[in-house]
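# What the coordinates show
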Amino acid sequence: MTDPLAISQHGLIGDLRTCALVGADGTIDWFCAPRFDSPSVFGAILDPDRGGSWRLTPCTEVTRTQQFYYPDTAVLITRFLTEDGVVEVHDFMPVLAPDESDHRQRVVRRVSGVRGTMRLQMRLDARPDYARQSCTAAHTGDGVLITGDGVRLGLIASTDLAVEETSENSLVTADFELSTGDTALFVLEMLGADDDVTADTMSRTDALFDATVAFWRDWISTSSYTGRWREVVHRSAITLKLLTHEPSGAIVAAPTASLPAPVGGSRNWDYRYVWIRDAGFSMYALLRLGFLNEASEFTRWLSERMGQRDGDDDRRLGPLRVLYDIDGNLPEEQELDHLSGHRNSKPVRIGNAAAHQLQLDIYGEIIDSVYLFNKYGPGISHDAWNDVTAIVDWVADNWDRPDAGMWEIRDEPQPYTTSRLMCWVAIERAIRIARSRGLPGDLVAWSKARDDIYDRIMTKSWNPDLQSFTRVEGGVDLDAGLLLMPMVKFTSPADPRFLATLDAIEQHLVTDSLVFRYEPGTDGLEGEEGTFSICSFWYVEALTRAGRLADAQLALEKMFTYANHVGLYAEQVSATGDQVGNFPQAFTHLALISAAINLDRALDG
């Protein structure tokens with residue numbers, strides 16, 4: 001068995017409908033089509049022998065590889081340096097204009113000879129449905145038609161293509177030579193049931209490249225951010241855009257499933273869904289960067305969820321669920337026993353059982369996103385406000401229930417402080433909206449519930465012996481989610497209780513700017529997880545709000561060093577500084593944007 005590349009050794013390309021991971025060795029080893037939450041076509045990152053991949057690599061020994069983005073775009077360049085010469089692979093998924101009604105889903109791989117002469121190999125091994133199905137490949141029309149269960153792909157190329165049969169699958173291969181200035185083109189297209197394989201894209205590849213570059217540059221040029229960390233912030237913005245499903249407005253948490261945190265552990269979850277928790281952070285980042293259209297579309301998607309009811313579970317779990325697929329359905333979790341897992345990390349999971357957990361903090365995030373959109377956008381509609389009032393009425397009656405918490409602990413429910421905190425946010429923001437707009441709502445009952453939550457946190461979640469707020473009521477453990485207290489306006493950043501909590505978190509959860517989300521070994525799962533990248537950016541923001549600007553700037557600059565070679569972050573950073581978990585994680589990039597913007601503002605006075 002060959003070892004797959006580390007999670008960090010990948011770049012990301014996409015077409016605002018799905019994404020592909022491209023390894024630094026020129027291999028596409030993760031690609032789900034036609035959507036983020038569709039079954040994988042290439043899944044070698046979860047099993048290098050069975051998962052399927054699309055390889056493009058020199059035949060000679062590679063002395064060095066380099067990978068970078070075409071500036072201000074999502075076009076990825078992988079450069080191979082050998083003793084025989086240098087070649088580049090330009091990978092992209094064409095996006096020609098916003099809201100393309102006739103979008104054609106394609107992966108374009110353009111190989112260019114930069115110096116010398118070199119032989120290269122192409123090997124495409126499609127394994128649909130998470131490698132539970134095989135494919136049949138056959139020459140037809142202008143290229144090769146690849147068919148399998150629910151998959152119909154067309155591959156065209158400027159070089160000769162060969163079909164090889166194995167005991168498991170049909171492979172498509174090519175062997176070609178490039179000299180300085182030569183180019184080889186490969187285009188993989190997702191086909192409909194009646195579509196033929198045609199070479200019409202071949203003559204338009206340069207035009208597709210130029211149009212895609214223009215699309216990304218035009219989009220990022222509308223950003224209002226002009227601060228100190230423009231390149232880093234804009235790369236995070238482009239990454240967030242790549243994780244947006246443009247037809248629906250949904251933003252997925254990550255484009256991958258079951259990447260382990262840590263390697264060899266069992267924390268292997270599917271993140272290709274939309275977490276309500278991300279809503280407020282997404283809205284803040286999009287609005288602060290000036291991307292009002294994306295904020296409006298995401299608000300539309302959220303509004304549909306607020307008005308959605310899911311039958312018998314409503315009374316038990318409340319009016320919302322923790323996560324949804326792009327269509328607003330609840331994904332069912334299952335294990336794929338036939339896959340070995342990334343670096344033998346099992347089980348491999350698709351779907352996510354957290355959809356059926358009670359996590360009360362989600363109500364704070366979604367109502368905060370409504371508040372932000374109402375404040376900085378065109379305003380909330382009558383129907384949406386009716387949905388908000390129904391949600392807040394439920395929160396006011398149910399905020400003191402034990403739940404799974406924001407970290408989705410798969411254990412007995414507990415009275416998590418951050419759940420109480422975000423219930424306070426939900427009610428407080430609804431009161432603000434009602435008062436600013438003169439909208440109807442039970443302000444008397446809401447105000448009482450808000451004040452009761454405040455008193456409960458201040459009395460039950462404050463540990464005078466530890467001089468800190470705690471993870472659960474009456475507890476002794478800490479939680480990095482407590483760093484959100486001044487960010488959501490629950491406490492002043494100068495409040496002695498928050499400053500003491502910040503000190504305690506620094507003592508117990510922070511290691512050289514990296515932050516554990518809670519004290520290791522307290523979640524009941526096997527394996528020691530790494531530091532949580534979003535918490536590290538929350539730490540930067542907490543330092544900023546506490547007035548420790550030099551410390552905040554140093555912590556932020558240190559966090560930048562933990563990005564991978566193209567500026568992307570996975571969910572966690574291990575003890576050895578490696579990226580672990582699903583990749584790239586939208587939540588982390590959202591927190592980076594927020595931390596950078598607020599530190600910029602503080603440094604500018």
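Residues numbered from 1 in each chain as written. Predicted model: local features only at pLDDT ≥ 70, side-chain atom pairs only at ≥ 80, totals over all residues. Heavy atoms only, no water.

### With respect to the nonpolar core
Membership of the largest hydrophobic core comes to 190 residues, with the highest contact counts inside it found for Met122, Ile146, Phe186 and Trp538. Residue contributions to this core peak at 11 residues, all from helix H9 (residues 417–437). Each of domain 1 (7–217) and domain 2 (223–604) gives at least three residues to this core. When near neighbours in sequence (up to four residues on either side) are disregarded, Ile146 contacts Leu124, Ala126, Cys135, Thr136, Ala137, Val151, Arg152, Leu153, Leu155, Val172 and Leu188. The next biggest cluster of nonpolar side chains, apart from the first, holds 13 residues, and it includes Val75, Leu185, Leu191 and Val197. (Core = buried A, V, L, I, M, F, W, Y, C linked by side-chain atoms within 4.5 Å. Buried < 20%, exposed > 50% of the residue type's maximum accessible area, 1.4 Å probe, protein only. Helix = DSSP H or I, 4+ residues; strand = E, 2+ residues; numbered from the N terminus. Domains from an automatic or database assignment. Contact = heavy atoms within 4.5 Å.)

### With respect to the domain arrangement of the protein
Along its sequence, the protein is carved into domain 1 (7–217) and domain 2 (223–604). When each unit is reduced to the centre of its C-alpha atoms, the spacing between domain 1 and domain 2 is 34 Å. Counting residues at the interface gives 39 residues for domain 1 and 41 residues for domain 2. When the area that domain 1 buries against domain 2 is broken down by residue, the three leading residues are Ile7, Phe36 and Leu46, summing to 24%. (Buried area = accessible area lost by both parts, 1.4 Å probe.)

### What to know about the pairing of strand E5 (residues 53–58)
A large share of E5 lies buried, amounting to five of its six residues. Relative to strand E9 (residues 106–125), E5 runs antiparallel, the two being bridged by six bridges. From the neighbouring strand, Arg55 faces E9, where its bridge partner is Arg123. (Pairing = 2+ DSSP bridges.)

### Structural notes on helix H3 (residues 230–242)
The terminal C-alpha atoms of H3, which comprises 13 residues, lie 18 Å apart, in line with the 18 Å expected from a rise of 1.5 Å per residue. Of all the positions in H3, only Val233, His234, Arg235, Ser236, Ala237, Ile238, Thr239, Leu240, Lys241 and Leu242 are classed as buried. (Expected span 1.5 Å × (residues − 1).)

### Concerning the packing of aromatic side chains
In total, this model carries 23 aromatic pairs according to the counting rule given. Considering the side-chain rings of Tyr454 and Phe490, the 5.0 Å spacing of their centres and the 45 degrees angle between planes classify their relative orientation as tilted. Note that Tyr454 is positioned in helix H10 (residues 443–460) and Phe490 in the loop between strand E23 (468–469) and helix H11 (496–508), a separation of 36 residues in sequence. Since its relative accessible area comes to 32%, Tyr454 is described here as partly exposed. Its relative accessible area of 5% is what places Phe490 among the buried residues. (Phe/Tyr/Trp six-rings, centres within 6.5 Å; stacked < 30°, edge-to-face > 60°.)

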